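The primary structure of each chain is shown beneath.
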Amino acid sequence: PDDAPALRVEELDVTYGRALSALRSVSLTVPHGDVVALLGANGAGKTTLLRAVSGTLRLHRGAITAGRVRYGDTVLDGRDPVAAVRAGIVQVPEGRRIFAGLTVEENLRAGRLGLPRRAPAQARQARDRVLALFPRLAERARRPAGLLSGGEQQMLAIGRALMVAPRLLLLDEPSLGLAPMMVRRIGEVIDEINAQGTAVLLVEQNAGLALSLADHAHVLEVGEVRLSGPAAELARTDAVRRLYLGGS
Ligand code: ATP
């Protein structure tokens, strides 16, 4: 929706345990309606940033030690996933984490666990939207999710997150381990979700995919933002081409 707020990460420091500094003075903004990509090598801190926004940092023994995360007027402290969902933010974790023994339908319903039961109209609307976006899931609604292909499981993980009708979707490596055709399909889906008014903060190893989808992008290196800019511009810089796009 047009009135959705922007996400602002301001000079954020995150530490795991006592000593391990994972992010240092990281600042970035996700304007409402935009797709913003986060690039960087393994261990650069991309997942950590998503956790700080989605309130799942504490589950991993991490904490914000300086700076702020704001979504509109709401301050998010990295410790409260329910507060993040209430604010309209939800994260799709890396590795999908669907419930293999539950059916597709049950997995989608699980996306709304913890929300007030008295909102059947919203629940139905969210479900209809998800099934329209992923007709494949509608066909397989009664199947155990563990029998889906990797690509379908990723669709299900995204669909489950969309069950709360987020205004900001955090995606961690959605294309990881998928065949090229499925990677393209994931790209289309992200475009479509964004066109429906949901902002996306996208962590991707596949820099080509990420930069083709994003408005803006940031490159993280060992916990710090090294490069930021419009995605099309970053895709043309030598460092990004060499390190992330396989160019020379
Ligand atoms: P990847 O793609 O491998 O997930 P990333 O860019 O997402 O890389 P993070 O997972 O955010 O990077 O990791 C940033 C740093 O924090 C790394 O040094 C990592 O080892 C460390 N780290 C991540 N999670 C924890 C944790 N639960 N406890 C301690 N250190 C952690």
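See the structure above.
How each quantity is defined
Residue indices begin from 1 for each chain and proceed along its sequence in written order. In keeping with the predicted nature of the model, local features appear solely for residues at pLDDT of at least 70, side-chain atom pairs appear and are counted solely at 80 or more, and the whole-chain, interface and lining totals rest on all residues. Heavy atoms from the whole structure form the basis of all side-chain values; hydrogens and water molecules are not counted. One heavy atom suffices: a residue is near a molecule or strand as soon as one of its heavy atoms comes within 4 Å of it. Pairs of N or O atoms within 3.5 Å make up the polar contacts considered here, provided that, within protein, one atom can donate a hydrogen while the other can accept it, and that residues adjacent in sequence are counted only when both atoms are side-chain atoms. Comment: elements are numbered from the N terminus, with helices defined as DSSP H or I runs of at least four residues and strands as E runs of at least two. Each residue is assigned to one of three groups, with Ala, Val, Leu, Ile, Met, Phe, Trp, Tyr, Cys and Pro labelled nonpolar, Asp, Glu, Lys and Arg labelled charged, and all others, Gly among them, labelled polar. Exposure is judged per residue with a 1.4 Å probe applied to protein chains only, and the accessible area is read against the type maximum: over 50% gives exposed, under 20% gives buried, and values in between give partly exposed. We call two strands paired when DSSP finds no fewer than two bridges between them. Note on method: axes are straight lines fitted to C-alpha atoms, helices fitted across the in-contact stretch only, with angles between N-to-C directions ranging 0 to 180 degrees. Every residue pair with non-hydrogen atoms within 4.5 Å of one another is taken to be in contact.

Engineer: Would you take a moment to explain the site of the ligand for this structure?
Structural biologist: The environment of the ligand is made up of 16 residues, and the closest members are G43, G45, K46, T47 and T48. Between K46 and the ligand, the recorded distance is 2.8 Å, taken from a side-chain N or O atom to an oxygen atom. Of all elements in the fold, only β2 (20-30) and α1 (46-54) reach the threshold of two or more residues within the shell around the ligand. Considering only residue class, the shell around the ligand consists of five nonpolar, seven polar and four charged.

Engineer: Is there a simple way to explain unusual backbone geometry in this structure?
Structural biologist: The phi angle at S25 is positive, at roughly 50°, despite the residue not being glycine. On the secondary structure map, S25 appears in strand β2. Residue S25 is classed as partly exposed on the basis of its relative accessible area of 46%. Although it is not a glycine, E173 sits at a positive phi angle of roughly 55°. On the secondary structure map, E173 appears in the loop between β7 (168-172) and α7 (180-195).

Engineer: What is the right way to read the sheet that holds strand β3 (residues 35-39) from this model?
Structural biologist: Within a beta sheet, neighbouring strands are joined by backbone hydrogen bonds and run either parallel or antiparallel to one another. Strand order in the open sheet formed by six strands is β6-β7-β8-β3-β9-β10, with mixed pairing between adjacent strands. Here the strands that pair on one side only, and so sit at the sheet edges, are β6 (89-92) and β10 (224-230). Strand after strand, the sheet turns through a mean of 15° between neighbouring axes, direction not considered. As paired elements, β3 and strand β9 (residues 216-221) share four bridges and run parallel to each other. Paired with V36 across the bridge in β9 is H216.

Engineer: So what exactly am I meant to see when it comes to the side chain of N107 here?
Structural biologist: Secondary-structure assignment places N107 in helix α3 (residues 104-110). You can call N107 buried: its relative accessible area is 0%. Polar side-chain contacts of N107 include one of 2.8 Å to the backbone nitrogen of F99. Apart from residues lying up to four places away in sequence, N107 is in contact with I98, F99, L102, A145, L156 and R160.

Engineer: Looking at this structure, how should I read the sheet that holds strand β4 (residues 62-71)?
Structural biologist: Taken in spatial order, the four strands make up an open sheet running β2-β1-β4-β5, and their pairing is antiparallel. Lying at the two open borders of the sheet, with one neighbouring strand each, are β2 and β5 (74-76). The mean angle between the axes of side-by-side strands here comes to 10°, regardless of whether they run parallel or antiparallel. The sheet contact formed by β4 and β5 spans three bridges and is antiparallel. Counted as the bridge partner of Y71 is T74 from β5. Sitting on the sheet, α1 touches β1 (7-16), β2, β4 and β5, and the angle it makes with β1 is about 115°.

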